[in-house]
Structures are given as C-alpha cells and as structure tokens.
Amino acid sequence: MTHTDLQLDWLRAFVAVVDGGSLSAAAPRVHRSQPAVSMQIRKLENAVGRAVLLRGPRHLELTPTGTELLGHARRMLALHSEALEALHGPVLSGRVRLGVPDDYAGKYLTPVLRSYASRHVGVEIELNCEQSTALIPRVRRGEIDIALISRDKATRGTLLFQEPLVWVGAPQFEVWRRDPLPIAVYEAASLARRATIAALAAQRRAHRVVYNSSSLAGQLAAVESGLAVAVLTRCSVPAHLAILGERQGLPALASMDVALYRSQASRALKAVDALFELMVQTLKAKG
C-alpha cells in the first residue's frame with residue numbers, strides 16, 4: 001500500500017495550531033492566512049486518512065490520531081531545523097536567562113519555549129519566576145537577559161498585549177459579601193496590589209488586608225480557603241474559582257500592559273536575539 005508523504009508545511013501548520021490553540025493564533029506563527037492554515041490541516045488529514053483536530057466548545061482539541069502524530073511532527077521539524085542550521089550556519093549555543101512572573105509562565109511561555117527548544121537544541125534556558133517588580137531591576141543590572149513583565153511605566157520594554165485584572169473568589173464562601181472586604185494582596189510594590197487598593201479607595205469600599213504573599217500559589221490558597229478575595233491576571237484564574245465584578249459590588253479594574261524587557265548586556269548575544277524575536281512574533285499575535 002502506498003501512502004502520501006507528509007509535507008513539512010502541513011506538519012508545521014499542525015504544530016502551530018496545537019501550540020497556539022486556534023487557527024487564528026497559528027496563522028502569524030507560520031506566516032500564512034487563517035484560511036491557508038485551515039487548508040494545510042485539511043491536506044494533512046487527507047494524507048493521514050483521519051481527523052487530527054476536532055473543534056471543541058472553546059478551542060481545537062487533538063484526536064487520538066492527532067495525539068500520536070504530534071510527537072512525530074515535532075521530531076521531524078526539529079531534525080529539519082538542525083539540518084538547515086548545519087548546512088547554512090553555526091548552530092546557536094550558550095545560555096539565555098529568562099524571567100517571567102508565575103501567572104504568565106504557563107499560559108504564554110510554554111508554547112514559546114517549546115518552539116524555541118525544537119529550533120535551538122544547543123541553547124540552555126535558565127528560567128527565573130518572580131514578580132515583575134523584582135525582574136525589572138534584575139534586567140537593568142544585566143542579571144537576566146529577557147523578562148516578560150507587567151509594565152511599570154509606558155516606556156519600559158516592547159509592548160506585546162494587555163492582560164485584564166479580575167477579582168477572584170471561591171463561590172462556596174461568598175467572601176465578597178463581608179464588610180469590610182477581606183483581600184489577599186501581593187507585596188507592597190506590586191502593580192496589581194496598587195490597582196486593587198486604588199479601585200477600592202475610588203469606590204470608598206471598606207476593606208482590610210488579611211493575607212500577603214508574593215506568589216500566585218499563595219494568592220490562590222487564600223482564595224480557595226475562603227480567607228479572602230484577590231485580584232489576579234485573568235490568564236491565571238483556575239476554572240474552579242469565580243471571576244467577580246460589579247454584580248458582586250466590586251469596582252472595575254484596569255488591564256496590565258505586558259511587555260518584553262531586554263538587558264543592554266545581552267544585545268550582542270545571538271541566542272537571546274532568537275528568543276526575543278520569537279517571543280515578540282508569538283505573543284504580539286495574541287493581541
């Protein structure tokens with residue numbers, strides 16, 4: 001029995017859709033229009049003889065065939081990239097020191113790192129998970145090469161997108177009904193903390209800080225235990241917690257400007273150049 005060869009363009013589109021979560025998110029990653037990406041997936045499925053993706057209620061989902069194909073596709077693309085680098089230029093090597101707050105790591109960093117690692121297998125990534133207020137001075141001092149941050153001022157770094165801040169509570173406790181309102185907050189310098197206090201002050205809502213933690217895990221623990229409500233980035237809210245708002249008597253919140261901030265000391269490093277360009281290309285597409 002003869003089989004149709006799997007084209008690299010089809011596999012590249014397939015991996016981009018899986019990593020991006022949708023056809024529209026995949027399009028800029030492979031420099032094609034959304035209809036063109038859809039056509040690539042259709043050609044791949046015709047060659048395989050079965051569906052590889054199903055449209056779920058919120059996003060595309062892998063079929064069993066798609067799950068099996070994905071690992072092969074990543075290896076084929078990685079090997080192709082290695083071959084091109086071996087033939088046309090030196091393979092990138094070295095180390096990139098990357099910083100990111102906990103709440104942005106899983107949602108935005110995972111697909112970027114997966115793509116980068118498959119292209120540049122000789123580069124070591126050192127990941128530092130801290131709040132933006134801690135990462136910014138470390139980038140300035142050259143201790144971190146690149147950081148994905150919430151901007152503290154309009155000129156900081158390269159703007160990528162805006163991330164909404166939302167009130168979060170555990171539905172079974174209805175903590176938002178209490179007076180004064182018990183809140184969990186980040187450290188004193190946190191931009192989210194400042195936004196929380198300012199919004200409550202503008203509403204003249206009585207409140208008290210009952211929990212203070214610099215980590216996302218700590219904030220979630222306070223909310224899940226019914227100790228307080230908290231203000232988190234929308235991307236970090238787990239499904240079992242409720243996003244609150246005006247219906248619960250809570251004030252509106254602004255969004256965070258998310259930017260990519262790079263150290264001056266890293267400007268001559270090609271491995272950092274490659275990661276910076278990939279992050280801008282991938283995350284700007286989100287907006």
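Look up: the structure comes first, before these words.
Note that the coordinates shown come from a computational prediction; the quantities given were computed from them, not determined experimentally.

Visitor: Is there a simple way to explain the nonpolar core in this structure?
Guide: If you look at soluble globular proteins, the nonpolar side chains tend to sit buried side by side. Counting residues in hydrophobic clusters, the biggest one holds 56 residues, and the most contacted among them are Leu148, Trp167 and Met279. Tallying contributions element by element places helix α9 (residues 270-286) first for this core, with 9 residues. The next biggest cluster of nonpolar side chains, apart from the first, holds 22 residues, and it includes Leu11, Leu44, Ala47 and Ala73.

Visitor: Looking at this model, I keep getting lost on the packing of helix α1 (residues 8-20) against helix α3 (residues 34-48). Mind explaining?
Guide: Helices that pack against each other are described as a pair by the angle of their axes relative to one another and the distance between those axes. The N-to-C vectors of α1 and α3 enclose an angle of 115°; their axes lie 8 Å apart at closest approach. The angle between the axes of α1 and α3 places the two elements in the roughly perpendicular class. Crossing of α1 against α3: the hand is left-handed. On α3, the residues that touch Asp9, Trp10, Leu11, Ala13, Phe14 and Val17 of α1 are Val37, Gln40, Ile41, Lys43, Leu44 and Ala47.

Visitor: Explanation requested: the side chain of Ser266 in the structure shown.
Guide: Tracing the backbone shows Ser266 in the loop between β11 (255-262) and α9. Using a relative accessible area of 0% as the deciding quantity, one classes Ser266 as buried. In this structure, Ser266 is in contact with Asp145 and Val272, ignoring residues within four places of it in sequence.

Visitor: Help me understand the pattern of salt bridges in this model?
Guide: Pairing between side chains becomes possible if they bear opposite charge and their charged atoms approach one another. Considering all chains together, one arrives at 12 salt bridges under this definition. For Arg156, the salt bridge goes to Asp152, with nearest N and O atoms at 3.0 Å. Judged by its relative accessible area of 9%, Arg156 falls in the buried class. Between Glu174 and Arg177 there is a salt bridge, with the nearest N and O atoms lying 2.7 Å from each other. Taken together, the salt bridges that share partners define one network made up of Glu130, Arg138, Arg141 and Glu143.

Visitor: For this particular structure, what's the right way to read helix α7 (residues 191-203)?
Guide: Three or four residues apart is the spacing at which side chains of an α-helix point the same way, because the helix has 3.6 residues per turn. For α7, built from 13 residues, the straight-helix expectation of 18 Å at 1.5 Å per residue is met to within 8% by its first-to-last C-alpha distance of 18 Å. Taken together, the buried residues of α7 touch β5 (146-150), β6 (158-169), β7 (181-185), β8 (207-212), β9 (229-233) and β11. The residue sitting at the N-terminus of α7 and contributing the capping side-chain oxygen is Ser190; that oxygen lies 3.2 Å from the backbone nitrogen of Ala192. At the C-terminal side of α7, Arg204 shows a positive phi close to 60°.

Visitor: What's the story with the pairing of β8 in this structure? I'm lost.
Guide: The side chains of a regular strand alternate between the sheet's two faces. With 5 bridges joining them, β7 and β8 adopt parallel strand pairing. Across the sheet, Pro182 pairs through a bridge with Arg208, a residue of β8.

Visitor: Whenever I open this one, the pairing of β11 confuses me. Can you help?
Guide: In terms of burial, β11 is largely enclosed, as 6 of its 8 residues are buried. Sheet topology places β5 next to β11; 5 bridges connect them, and they run antiparallel. Across the sheet, residue Leu148 finds its bridge partner in β11, namely Leu260. In terms of strand pairing, β6 meets β11 through 6 bridges, oriented antiparallel. Within β11, the position partnered with Pro164 by the bridge is Ser255.

Visitor: Is there a simple way to think about the packing of aromatic side chains in this case?
Guide: Each pair of aromatic rings is reported with the distance of its centres and the angle of its planes. Following the criterion strictly, the structure yields 2 aromatic pairs and no others. Between Tyr104 and Tyr108 the ring centres are 6.1 Å apart and the planes differ by 55°, which places this aromatic pair in the tilted class. Of this pair, Tyr104 and Tyr108 both sit in helix α5 (residues 102-119), 4 residues apart, roughly one helical turn. Comparing Tyr104 with Tyr108, the two get one shared label, buried. Here the aromatic rings of Tyr108 and Phe161 are separated by 4.8 Å at their centres, their planes lie at 55°, and the arrangement is tilted. Separated by 53 residues along the polypeptide, Tyr108 in helix α5 and Phe161 in strand β6 bring together distant segments of the chain. Residue Phe161 is classed as buried on the basis of its relative accessible area of 5%. Of the aromatic side chains, those joined through ring pairs into one cluster are Tyr104, Tyr108 and Phe161. If you follow Arg262 out to its NZ or CZ, it ends over the ring of Phe276, 5.7 Å from the centre.

Visitor: Would you explain the state of the cysteines in this entry?
Guide: Note: disulfide means a covalent bond formed between the sulfur atoms of two cysteine side chains. On inspection of all chains with the given rule, the structure shows 0 disulfides. The cysteine Cys235 is free of any disulfide, with Cys129 supplying the nearest cysteine sulfur at 13 Å.

Visitor: I keep staring at α5 and nothing clicks. Help me out?
Guide: For α5, built from 18 residues, the straight-helix expectation of 26 Å at 1.5 Å per residue is met to within 8% by its first-to-last C-alpha distance of 25 Å. Maximal helix bending in α5 amounts to about 55°, located at Leu109; proline Pro111 follows within four positions. Looking only at α5, the buried set comprises Asp103, Tyr104, Ala105, Tyr108, Leu109, Pro111, Val112, Ser115 and Tyr116.

Cut-offs and rules
- Counting restarts for each chain: residues are numbered from 1 in the order of the written sequence.
- Under the rules for a predicted model, residues below a pLDDT of 70 receive no local features and side-chain atom pairs below 80 are neither given nor counted, while totals for whole chains, interfaces and linings still include all residues.
- Water and hydrogen atoms play no part in the side-chain values, which are based on all heavy atoms of the structure.
- Residues belong to one nonpolar core when they are buried, are Ala, Val, Leu, Ile, Met, Phe, Trp, Tyr or Cys, and are joined through side-chain atoms within 4.5 Å.
- Each residue is placed in one exposure class: buried if its accessible area under a 1.4 Å probe, protein chains only, is under 20% of its type's maximum, exposed if it is over 50%, and partly exposed if it falls in between.
- Comment: elements are numbered from the N terminus, with helices defined as DSSP H or I runs of at least four residues and strands as E runs of at least two.
- All axes are obtained by fitting lines to C-alpha atoms, using only the stretch in contact for helices, and the reported angles, taken between N-to-C directions, cover 0 to 180 degrees.
- The labels follow the angle: roughly parallel below 35 degrees, roughly antiparallel above 145, roughly perpendicular from 65 to 115, and oblique for the rest.
- If you view the pair so one helix is near and one far, a crossing is left-handed when the near helix is turned anticlockwise from the far one by less than a right angle, and right-handed when it is turned clockwise.
- We call two residues in contact whenever any of their non-hydrogen atoms come within 4.5 Å of each other.
- Salt bridges are defined as contacts in which a side-chain nitrogen from Lys or Arg sits within 4 Å of a carboxyl oxygen from Asp or Glu.
- One less than the residue count of a helix, multiplied by 1.5 Å, gives the span that helix is expected to have.
- Each polar contact in these results corresponds to two N or O atoms within 3.5 Å; when the atoms are within protein, one needs to be able to donate a hydrogen and the other to accept it, and residues that are neighboring in sequence are counted only if both atoms are side-chain atoms.
- Two strands make a pair as long as DSSP finds a minimum of two bridges between them.
- Only centres within 6.5 Å qualify two rings of Phe, Tyr or Trp (six-membered ring in Trp) as a pair; their planes then separate them into stacked at under 30 degrees, edge-to-face at over 60, and tilted for everything else.
- Our definition puts a charge over a ring when NZ of Lys or CZ of Arg is within 6 Å of the ring centre and also within 35 degrees of the ring normal.
- Two cysteine sulfurs form a disulfide in these notes if their separation is within 2.5 Å.
- Across the chain, bend at a residue is computed as the angle between axes fitted to the seven residues ending at that point and the seven starting from it.

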